[in-house]
Amino acid sequence: MSALDFLLKPIRYQKFLEAVQKGREWFALKEGAAVAAQQEKDWVYLKADGVLRKVEYADILYVEGMKDYLMVHLRSQKQPLVTHLTMKAAEDMLPKESFMRIHRSFIVNLPQITSVSAQGDLKVGDTLLHVSEGYKEAFDQYLKGLTS
């Protein structure tokens, strides 16, 4: 059963609180281990066309959101992978040190940026993407970190 604790009737409130705390600690440890394991990898599995595909972070140019679907644009192929994920899920899944959301609909792989214009447009591969006002401050901070 993989029980973390058990309670005997009549249930004492203090014993109940201790069991709840033990469960919270266990879930926090489990979640922390999953996040650490994900950060150690340099790839992610994405389900596209009914198949789980292993995609290396370095191969991702940018991610484009379309409601509950994402188009993952890759260096290695012309056609993007279409997967059933939200932008929030993609943000949580991709490493923060390499990927940044620059628009409500775009997450960019920072090492793949080839140029940045004064107007806030950046070139990734052959595509020009615009940094929206809501994400401009964070992107400017990233650029300042590169130049200092």
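A few points on the structure. (Residues numbered from 1 in each chain as written. Predicted model: local features only at pLDDT ≥ 70, side-chain atom pairs only at ≥ 80, totals over all residues. Heavy atoms only, no water.)

A word on the sheet that holds strand β6 (residues 99–103)
- A sheet is described by the order of its strands in space; here five strands give the open sequence β5-β4-β3-β7-β6, paired in antiparallel fashion. At either end of the open sheet lies a strand with only one pairing partner, and these are β5 (81–83) and β6. Going from strand to strand, the sheet's axes swing by 20 degrees on average, the running direction of each strand aside.
- Bridging between strand β4 (residues 69–74) and β5 involves three bridges; their strand directions are antiparallel. (Pairing = 2+ DSSP bridges. Helix = DSSP H or I, 4+ residues; strand = E, 2+ residues; numbered from the N terminus. Axes fitted to C-alpha atoms, helices over the stretch in contact; angles between N-to-C directions.)

Focus on the packing of aromatic side chains
- All chains considered together, the criterion is met by four aromatic pairs.
- Relative to F99, the ring of Y57 lies with its centre 6.0 Å away and its plane at 70 degrees, an arrangement referred to as edge-to-face. Taken together, the residues Y57 in the loop between β2 (51–56) and β3 (60–66) and F99 in strand β6 connect sequence positions 42 residues apart. One exposure class covers both Y57 and F99, and it is buried.
- Lying over the aromatic face of W43, K54 brings its terminal NZ or CZ to 4.5 Å of the ring centre. (Phe/Tyr/Trp six-rings, centres within 6.5 Å; stacked < 30°, edge-to-face > 60°. Buried < 20%, exposed > 50% of the residue type's maximum accessible area, 1.4 Å probe, protein only. Lys NZ or Arg CZ within 6 Å of the ring centre and 35° of its normal.)

A short note on the sheet that holds strand β8 (residues 113–116)
- Strand order in this open sheet of three strands is β8-β9-β10, and the pairing throughout is antiparallel. Single-partner strands in this sheet number two, and they are β8 and β10 (127–130). For this sheet, the mean inter-axis angle between neighbouring strands, taken without regard to orientation, is 30 degrees.
- Here three bridges tie β8 to strand β9 (residues 121–124), and the two strands are oriented antiparallel to one another. Along β9, the bridge assignment pairs I113 with V124.

With respect to the nonpolar core
- The biggest cluster of nonpolar side chains holds 16 residues, and the ones touching the most others in it are I60, V63, L81, L94 and I107.
- Secondary structure elements with two or more residues in this core: β1 (43–48), β3, β4 and α2 (87–93).
- Not counting residues up to four positions away in its chain, the partners in contact with V63 are L70, M71, M87, L94, S105, F106 and I107.
- Core analysis: the second largest hydrophobic core is formed by 13 residues, L110, I113, L129 and V131 among them. (Core = buried A, V, L, I, M, F, W, Y, C linked by side-chain atoms within 4.5 Å. Contact = heavy atoms within 4.5 Å.)

Re the pairing of β2
- Here β1 pairs with β2 via six bridges, running antiparallel. Note on β2: the bridge partner recorded for L46 is R53.

Looking at the pattern of salt bridges
- Throughout the structure, instances matching the rule amount to three salt bridges.
- With its nearest N and O atoms 3.2 Å apart, the salt bridge here joins D92 to K88. With D92 and K88 both in helix α2 and four residues apart, this pair spans about one turn of that helix.
- In this structure, E91 engages R101 in a salt bridge whose closest nitrogen and oxygen atoms are separated by 3.0 Å. With E91 in helix α2 and R101 in strand β6, this pair connects stretches of sequence that are 10 residues apart. (Salt bridge = Lys/Arg side-chain N within 4 Å of Asp/Glu carboxyl O.)

Note that all results are geometric; they support no functional claim without further evidence.
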